[in-house]
Amino acid sequence: MVRHAIVCLLVFEHAYSLMQQGSGDWKETFPMAVTKYKSSDIQTTVSTSVHIAFEKHGNYGPALCEIIMKIIGDNKI
């Protein structure tokens, strides 16, 4: 579930960035962002990183929040 939330944030952030650059409105930029995500290797990287974070820290919220924010920052599209 966390992986899906991270992916949503990454895709929305990229769509918003495209929209700010004048690439269209949400209806146009969101599919572009999804396509870019699907063609990248980010899915594998995010999934692996989240799995490792939970293995290492269990359900310890403060550590997971910090690591999840780093995963998001490191994997911008």
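What you are looking at is a predicted structure, and each value in this text was computed from that prediction instead of being measured.

Trainee: What is the right way to look at the side chain of Asn 75 in this model?
Mentor: Tracing the backbone shows Asn 75 in the segment after helix H4 (61-74). Exposure remark for Asn 75: the relative accessible area of 9% places this residue in the buried category. Look past the residues within four positions of Asn 75 in its chain and what remains in contact with it is Leu 10, Ile 42, Thr 45 and Val 46.

Trainee: I keep staring at the packing of helix H3 (residues 42-57) against H4 and nothing clicks. Help me out?
Mentor: To describe two helices that pack against each other, one gives the angle between their axes and the distance between the axes. Contact pair H3 / H4: the axes reach a minimum separation of 10 Å and the direction vectors enclose 165°. The angle between the axes of H3 and H4 places the two elements in the roughly antiparallel class. Considering the relative orientation of H3 and H4, their crossing is right-handed. Counted together, Val 46, Ser 49, Val 50, Ala 53, Phe 54 and His 57 of H3 and Ala 63, Leu 64, Ile 67 and Ile 71 of H4 form the full contact between these two elements. Residues of the contact of H3 with H4, tallied by class, amount to 8 nonpolar, 2 polar and no charged.

Trainee: Explain the packing of aromatic side chains here, please?
Mentor: The description of an aromatic ring pair uses the distance of the two centres, along with the angle that the planes make with each other. The final tally for this structure, using the stated rule, is 3 aromatic pairs. Between Phe 12 and Phe 30, the ring centres sit 5.2 Å apart and the planes meet at 35°, which makes this aromatic pair tilted. Of this pair, Phe 12 sits in helix H1 (residues 2-20) while Phe 30 sits in helix H2 (residues 26-39), placing them 18 residues apart in sequence. Take Phe 12: its relative accessible area is 43%, and that puts it in the partly exposed class. Under the relative-accessibility criterion, Phe 30 is labelled partly exposed at 32%. In this structure an aromatic cluster arises from ring pairing among Phe 12, Tyr 16, Trp 26 and Phe 30.

Trainee: Honestly, the nonpolar core in this entry has me stumped. Any pointers?
Mentor: For soluble globular proteins, nonpolar side chains are generally found buried alongside one another. Ile 6, Leu 10 and Val 46 are the most contacted members of the largest nonpolar core, which totals 15 residues. Secondary-structure elements contributing two or more residues to this core are H1, H2, H3 and H4. By residue number, the principal contributor to this core is H1, which donates 5 residues. For Leu 10, the contacting residues outside a window of four places in its chain are Ile 42, Val 46, Ile 72, Asn 75, Lys 76 and Ile 77.

Trainee: Got a minute to help me understand the pattern of salt bridges in this structure?
Mentor: When their charged atoms lie close together, side chains carrying opposite charge are able to pair. Within this structure, the stated rule accounts for 1 salt bridge. Put simply, Lys 70 and Asp 74 hold a salt bridge, and the shortest N to O gap is 2.7 Å. With Lys 70 and Asp 74 both in helix H4 and 4 residues apart, this pair spans about one turn of that helix.

Definitions and limits used
- Residues numbered from 1 in each chain as written.
- Predicted model: local features only at pLDDT ≥ 70, side-chain atom pairs only at ≥ 80, totals over all residues.
- Heavy atoms only, no water.
- Helix = DSSP H or I, 4+ residues; strand = E, 2+ residues; numbered from the N terminus.
- Buried < 20%, exposed > 50% of the residue type's maximum accessible area, 1.4 Å probe, protein only.
- Contact = heavy atoms within 4.5 Å.
- Axes fitted to C-alpha atoms, helices over the stretch in contact; angles between N-to-C directions.
- Parallel < 35°, antiparallel > 145°, perpendicular 65-115°, else oblique.
- Left-handed = near helix turned anticlockwise from the far one by under 90°.
- Nonpolar A, V, L, I, M, F, W, Y, C, P; charged D, E, K, R; others polar.
- Phe/Tyr/Trp six-rings, centres within 6.5 Å; stacked < 30°, edge-to-face > 60°.
- Core = buried A, V, L, I, M, F, W, Y, C linked by side-chain atoms within 4.5 Å.
- Salt bridge = Lys/Arg side-chain N within 4 Å of Asp/Glu carboxyl O.

None of this, on its own, says anything about what the molecule does.
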